[in-house]
Amino acid sequence: MNILVLGGGGREHSLAWAILQNPKCDRLIVAPGNAGIAQIAECASFDICDGGAVVEFAEAESIDFVVIGPEAPLAAGVADRLAEAGIPTFGPSAAAARLEASKRFTKEICDAAGAPTAGWARFDSAAPAKAYIREQGAPIVVKADGLAAGKGVIVAMTEEEALAGIDEMFSGAFGAAGAEVVIEEFMDGEEASFFVLCDGETVLPVGTAQDHKRVGDGDTGPNTGGMGAYSPAPIMDEAVTQAALEQIVRPTMDEMTRRGTPYRGVLYVGLMIKDGKPRLVEYNARFGDPECQVLMMRLGAQALDLLLATAEGRLAERHVNWSEDHAMTVVLAADGYPGAYEKGSVIGGLDGLGETSWEMMFHAGTSSAEGRIVATGGRVLNATARGRTLQEARDRAYAMAEVVDWPEGFFRSDIGWRALA
Ligand code: AMP
Ligand code: GLY
């Protein structure tokens, strides 16, 4: 079959890598892709958030299946346009993707479904929001309602920080995403991410992961999109997993179906776990980046069958073949990230990396110029490996990261510290 993947990050490189291992795939196109993806698949360039342009391209190239990687095309309704055109697609409708696109919507669904989550209130102007913060006290969490590229959340340890956050959000710093804010009770505990496929009826877990959001070693410094991840997450034992499925995921899916907007795709369930009890932090309507990279490392060729079964409503027939292994990915980022960084530095030392099924150097923000790989983003490479133990996966991933010749880049040295301790 001819397959089109939308996106151009490390997540999409890992999806492409796994899809190509499945003999069902005859031809793979990724839009826009990146320099690493271009080494294994065709890349194409068009506006992936323009549903009409995506349908036109898919029809012209006789695409049989589309996999949508990032949230922006989902929120823009690209899956809806593809469905109208009769093209099988992995990724939820815009109505179902509101579980990621609106924090308030998610909180309302949780309340209706009885899913445990932080207490909350919503505001569309600063004065009542501030009064509420003064009443509740710190720590407290302030969130822009809409999509803000992972930057619309302020976990305030003091009242002053929370009040300043309100001013920032209503000053337009987050555009339309900040026109409404959700203020949440601060939840204490350990975070983990749980990934489930849903076809509108059946829910199938496809793995757990933990990522490191802070830029610096010891989980210090500003938040990023994620500096590394590993799978499985040790804290997600059988009891926590079952509790998350029964108390959070299934009631949410049932509520979405009841509202006439069934969820079909991967649901990224961000959890806070304390004393063995999970509570929902957030949903995302897509795979995480870099969490997808470690999941694909572990799933390999079966990933395509699972994505197809999700799109075609056949998940009840499927199960996941788990190998008893662990995976880790270490993100190499440009100096300055998540603040301002230079583009265009040359990356060497990549030849021969990732030539076994145990390891892969996934690319994120890269492009090629005159036969050389150059950095074009904040998060640039993902040194990703599998092992029989997490330690083995870690050693392989770091061995790859260390041979990369890129003076303008950096990576954290302690990915997985909690699980390895
Ligand atoms: P979100 O974009 O909603 O995932 O928030 C980003 C990060 O902020 C999460 O991964 C958590 O580390 C933190 N966070 C969000 N909401 C809460 C909360 N209610 N209590 C504690 N931490 C939170
Ligand atoms: N790594 C966090 C995310 O993809 O949202």
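The shown structure was predicted, so the numbers you read here are calculated from the model rather than taken from an experiment. (Residues numbered from 1 in each chain as written. Chains lettered and ligands numbered in written order. Predicted model: local features only at pLDDT ≥ 70, side-chain atom pairs only at ≥ 80, totals over all residues. Heavy atoms only, no water.)

A. Structural view of the pattern of salt bridges. The tally for this structure, following the rule as stated, stands at 30 salt bridges. Between R11 and E12 there is a salt bridge whose closest N-O contact spans 2.8 Å. For the pair formed by R11 and E12, the shared burial category is buried. Here R386 and D325 are joined by a salt bridge, their closest N and O atoms 2.9 Å apart. Here R386 is found in strand 22 (residues 379-387), whereas its partner D325 is found in the loop between helix 11 (302-311) and strand 17 (326-334), with 61 residues between them in sequence. (Salt bridge = Lys/Arg side-chain N within 4 Å of Asp/Glu carboxyl O. Buried < 20%, exposed > 50% of the residue type's maximum accessible area, 1.4 Å probe, protein only. Helix = DSSP H or I, 4+ residues; strand = E, 2+ residues; numbered from the N terminus.)

B. Highlighting the pairing of strand 9 (residues 181-185). The buried count for strand 9 comes to four of five residues, which makes it a mostly enclosed element. In this sheet, strand 9 lies alongside strand 7 (residues 140-144) in antiparallel orientation, the contact comprising five bridges. The residue bridging V142 from the neighbouring strand is I183, located in strand 9. (Pairing = 2+ DSSP bridges.)

C. Structural detail: the packing of helix 6 (residues 103-113) against helix 9 (residues 238-258). Here helix 6 crosses helix 9 at 105 degrees, and the two axes come no closer than 9 Å. By the angle between their axes, helix 6 is roughly perpendicular relative to helix 9. When helix 6 is examined against helix 9, the residues F105, I109, A112 and A113 are found in contact with a partner set consisting of P251, T252, E255 and M256. Of the residues in the contact of helix 6 with helix 9, the class split is six nonpolar, one polar and one charged. (Axes fitted to C-alpha atoms, helices over the stretch in contact; angles between N-to-C directions. Parallel < 35°, antiparallel > 145°, perpendicular 65-115°, else oblique. Contact = heavy atoms within 4.5 Å. Nonpolar A, V, L, I, M, F, W, Y, C, P; charged D, E, K, R; others polar.)

D. Molecular detail of the site of ligand 2. By nearness alone, every residue bordering ligand 2 is listed as D211, G225, Y268, N284, R286, G288, D289, P290 and E291. Within the contact set of ligand 2, a nitrogen atom lies 2.9 Å away from a side-chain nitrogen or oxygen of E291. Look at ligand 2: alone it shows 200 Å² of surface, and the protein chains cover 86% of it. Broken down by class, the residue content of the shell around ligand 2 amounts to two nonpolar, three polar and four charged. (Near = heavy atom within 4 Å. Polar contact = N/O pair within 3.5 Å; in protein donor to acceptor, adjacent residues only side chain to side chain. Areas by Shrake-Rupley, 256 points an atom, 1.4 Å probe, with all protein chains shown as cover.)

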